[in-house]
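Next come the chains, spelled out residue by residue.
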Amino acid sequence: MCEDFRIFAGRKCKGMILKYDVIVIGGGHAGCEAACASANMGAKTCLVTMDMNKIAQMSCNPAIGGIAKGQIVREIDALGGQMGLVTDATSIQFRMLNVGKGPAVWSPRAQCDRGKFIWEWRKHLDETENLEIWQDQADELIVEDGKAIGVRTIWGAEIYAKCVIVTAGTFLNGLMHIGRKMVPGGRIAEPAVPHFTESITRHGVVSARMKTGTPVRIDKRSVHFEDLEIQPGENRPYQFSYMNQCGALKQLPCWTVNTNEEVHEILKSGLVDSPLYNGQIQSIGPRYCPSIETKLVTFPEREKHPLFLEPEGEDTNEMYLNGFSSSLPMDVQIEALKKMPAFRDVKVYRPGYAIEYDFFDPTQLSHSLESKIIVNLFMAGQVNGTTGYEEAGGQGTIAGINAALKAGADNERTYSPFVLHRDEAYIGVLIDDLVTKGVDEPYRMFTSRAEYRILLRQDDADARLTEKAYALGLAKRERYDWWQEKKQHIEEIEAFCQSFAIKPKLINSALEALGTTPLQFGCKLIDLVNRPQLNLANLSEIIPQLKEVLNRPNNRKEEIAEAAEIRMKYKGYIERENVVAEKMHRLENIKIKGHFNYKELQGLSTECRQKLMKIQPETLAQASRIPGVSPSDINVLLVLMGR
């Protein structure tokens, strides 16, 4: 609810006054998910963004998903978020990565139409009840008595709320670099936010600097595609959202090309003017998405590096050169490109650039993403030291949920934060890593970061999270009913496979044709499903009764069959990992916050005491994951707890 007051909270104000339950500062991927989550839970929410025409802008690669990132998007969707729906509606190429490995690491990825992605997000925001957008630039966080109560903008508006979520991306004191040229900005052609960081750090919150970058954008009319290798998408109708049908956009290919020694020589000649190597940039960039000049310095023995030319949309000539992120002088970038046959006549829309920006040490946050220092202040996205749209969206969802819960609570004692554990979601792994371990470089999610990968598959995010989201009031009835229908169908398939008897003489010839050993004795169908050469699809072609069960009227037959098959084939692994997770939950149930004065515990190592005093973990399990806290330190705490 917007209100125009001249006096608020005992203070006189000069400009417009707006009042809400929750304010979200920043209209990127974290901000959009946070705003939708908060509003859909019933909180009156205001999204403050500098440009309504660049909502959820894909500042770098116009793609969603990837290794572990795709799992996060499916988790956002299962929680009732929007990223999966928007991606499906604007996808121009879809691929499932890692299908040659086990399903624990299968990861969906979609190339999107950048422009349509923005407007699809705008549509979702505009259709969200309880959500209003205010186009303006945040200038100062308003804090009283240690609590965040609102924000003041550059145009003099004062917006007040019970909770504030900061999702400012790379805009806080953003500084862009191309060669020796430096220009303040949060993104190309967009202004930086110069004072907002200081309005937070003056209250004791610690900030630091990080760096990221983006590649050159190329005019496809100047590309010689005959010198590139085509990389088509998948024919199977994959999608991100459990609720959605595939989008209607034209499906487009990507292309691959390699650099060569001539390219490398030109790039090396520009290193003297590279901000990364002339001392101009002091902050740390992403380890797993390095610039092309970093690749040359780190891997001097490599004669070539792979690049991927990707379309920015179905109706544009603009193309993205994945793998060629750079902050070298623009003439060096273009000259190097022309040494590749496919780009010998290249025309570019703009060169690559690097950007430095402020972030806040995430160990200063609780698992709800609320600040431990400024009450009612939540943070999500790159301001927490992460990189990637998906990591931002996952954090935004959790911050939005908890801000809405806290804004709606009668008092502090009735507020119970929503927290996902490491065996429940990649989002839980992400947040636990951030608040427990902190970051010394932009954090990117990988499947290797999760110790319970077989439990956190992309196919079962709805099984893990939809009922939780429905209980919160975030997932709507339609989503809940669809999950119940899907769950019932999966259980029917499993029950059929466990009970249906197979006779050797009726199936052996077909088994041999499929490259698997014929049966000597009868068995249950599930025993055949568990063979590596067999699956529900090829078995249904030789067992009519199975085909009938799989073809129960439903618009997502393939997805349901895949989920049922994975549950049967990997049942033993899933059960074993659940046992391990349950053991860890016992430590999660041992609360230690407030029980110890770590400074006085001489039985702990000095490093352990310092880390525990800084992070103040809630549970013994969280303490065990802090770098510098050894198993022997945990044993000391267990003894002191009388365990």
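These numbers come from a predicted model, not from an experiment.

S.K.: Please give an account of the overall build of the protein that cites residues and values.
M.R.: On a plain count of helices and strands, the protein comes out with 21 helices and 25 strands. Here the C-alpha radius of gyration of the protein, 26 Å, is about what a compact globule of 643 residues would show, namely 26 Å. Across the 643 residues of the protein, 58% fall into the buried class. A separation threshold of at least 6 residues defines the contact pool for the protein, and within that pool the share at least 24 residues apart is 72%. Of the roughly 26,900 Å² of accessible surface on the protein, a fraction of 51% belongs to carbon and sulfur atoms.

S.K.: Could you give me a rundown of the environment of Pro184, with the residues and numbers involved?
M.R.: With respect to the element layout, Pro184 can be found in strand S15 (residues 181-184). When the C-alpha atoms of Pro184 and Gln364 are compared, they prove to be 27 Å apart, with 180 residues separating the residues in sequence. Beyond its immediate chain neighbours, meaning those up to four positions away, Pro184 contacts Gly174, Leu175, Met176 and Ala192.

S.K.: Would you mind going over the sheet that holds strand S9 (residues 131-135) in detail, with residue names and values included?
M.R.: A sheet is described by the order of its strands in space; here five strands give the open sequence S9-S5-S4-S13-S23, paired in parallel fashion. This sheet does not close on itself; its edge strands, each paired only once, are S9 and strand S23 (377-379). Averaged over all neighbouring strand pairs, the angle between strand axes comes to 20°, with direction disregarded. By the bridge criterion, four bridges tie strand S4 (residues 22-25) to strand S13 (residues 163-166) in an arrangement that is parallel. Counterpart to Ile23 in the pairing with S13 is Val164. Against the sheet, helix H1 (residues 29-40) touches S4, strand S5 (45-49), S9 and S13, its axis set at about 165° to S5.

S.K.: Please provide a residue-by-residue account of the pairing of strand S18 (residues 254-258), values included.
M.R.: Along S18, four of the five residues are buried, which leaves the element largely enclosed by surrounding structure. Relative to S18, strand S17 (residues 229-231) runs antiparallel, the two sharing three bridges. Across the sheet, Ile230 pairs through a bridge with Trp255, a residue of S18. Both S18 and strand S19 (residues 306-311) contribute to a ladder of four bridges, which runs antiparallel. Looking across to S19, one finds that Asn258 is bridged to Pro306.

S.K.: Describe the environment of Asn173, and please don't skip the residues or the numbers.
M.R.: Summarising the element assignment, Asn173 is placed in the loop between S13 and strand S14 (175-178). Through-space distance from the C-alpha of Asn173 to that of Leu601 is 41 Å; in sequence the pair is 428 residues apart. What Asn173 contacts, discounting residues up to four positions off in sequence, is Ala192, Val193, Pro194, Thr197, Glu198, Arg209, Glu356, Tyr357 and Asp358.

S.K.: If you had to explain the state of the cysteines to someone new, which residues and values would you point to?
M.R.: Under the defined criterion, the tally for this structure stands at zero disulfides. Unpaired in terms of disulfides, Cys36 finds its nearest cysteine sulfur in Cys32, a separation of 6.7 Å. Free of any disulfide, Cys112 has its nearest neighbouring cysteine sulfur in Cys254, separated by 11 Å. Using a relative accessible area of 0% as the deciding quantity, one classes Cys112 as buried.

S.K.: Which residues make up the pattern of salt bridges, and what values go with them?
M.R.: By the definition in use, this model includes 46 salt bridges. Among the ionic pairs, Arg477 bridges to Asp481, the shortest N-O distance being 2.9 Å. With Arg477 and Asp481 both in helix H12 (residues 477-499) and four residues apart, this pair spans about one turn of that helix. On the basis of relative accessible area, Arg477 is assigned to the partly exposed category, the value being 47%.

S.K.: Which residues make up the sheet that holds strand S6 (residues 63-65), and what are the values?
M.R.: Strand order in the open sheet made by the three strands is S6-S8-S7, with antiparallel pairing throughout. Strand pairing shows two members of the sheet lacking a second neighbour, S6 and strand S7 (91-97), which therefore form its edges. Sheet twist, expressed as the mean angle between neighbouring strand axes with direction ignored, is 15°. Direction of pairing for S6 relative to strand S8 (residues 107-112): antiparallel, over a ladder of three bridges. Looking across to S8, one finds that Ile64 is bridged to Ala110.

Cut-offs applied
Residues numbered from 1 in each chain as written. Predicted model: local features only at pLDDT ≥ 70, side-chain atom pairs only at ≥ 80, totals over all residues. Heavy atoms only, no water. Helix = DSSP H or I, 4+ residues; strand = E, 2+ residues; numbered from the N terminus. Rg over C-alpha atoms; globule rule 2.2 N^0.38 Å. Buried < 20%, exposed > 50% of the residue type's maximum accessible area, 1.4 Å probe, protein only. Contact = heavy atoms within 4.5 Å. Areas by Shrake-Rupley, 256 points an atom, 1.4 Å probe, with all protein chains shown as cover. Pairing = 2+ DSSP bridges. Axes fitted to C-alpha atoms, helices over the stretch in contact; angles between N-to-C directions. Disulfide = S-S within 2.5 Å. Salt bridge = Lys/Arg side-chain N within 4 Å of Asp/Glu carboxyl O.

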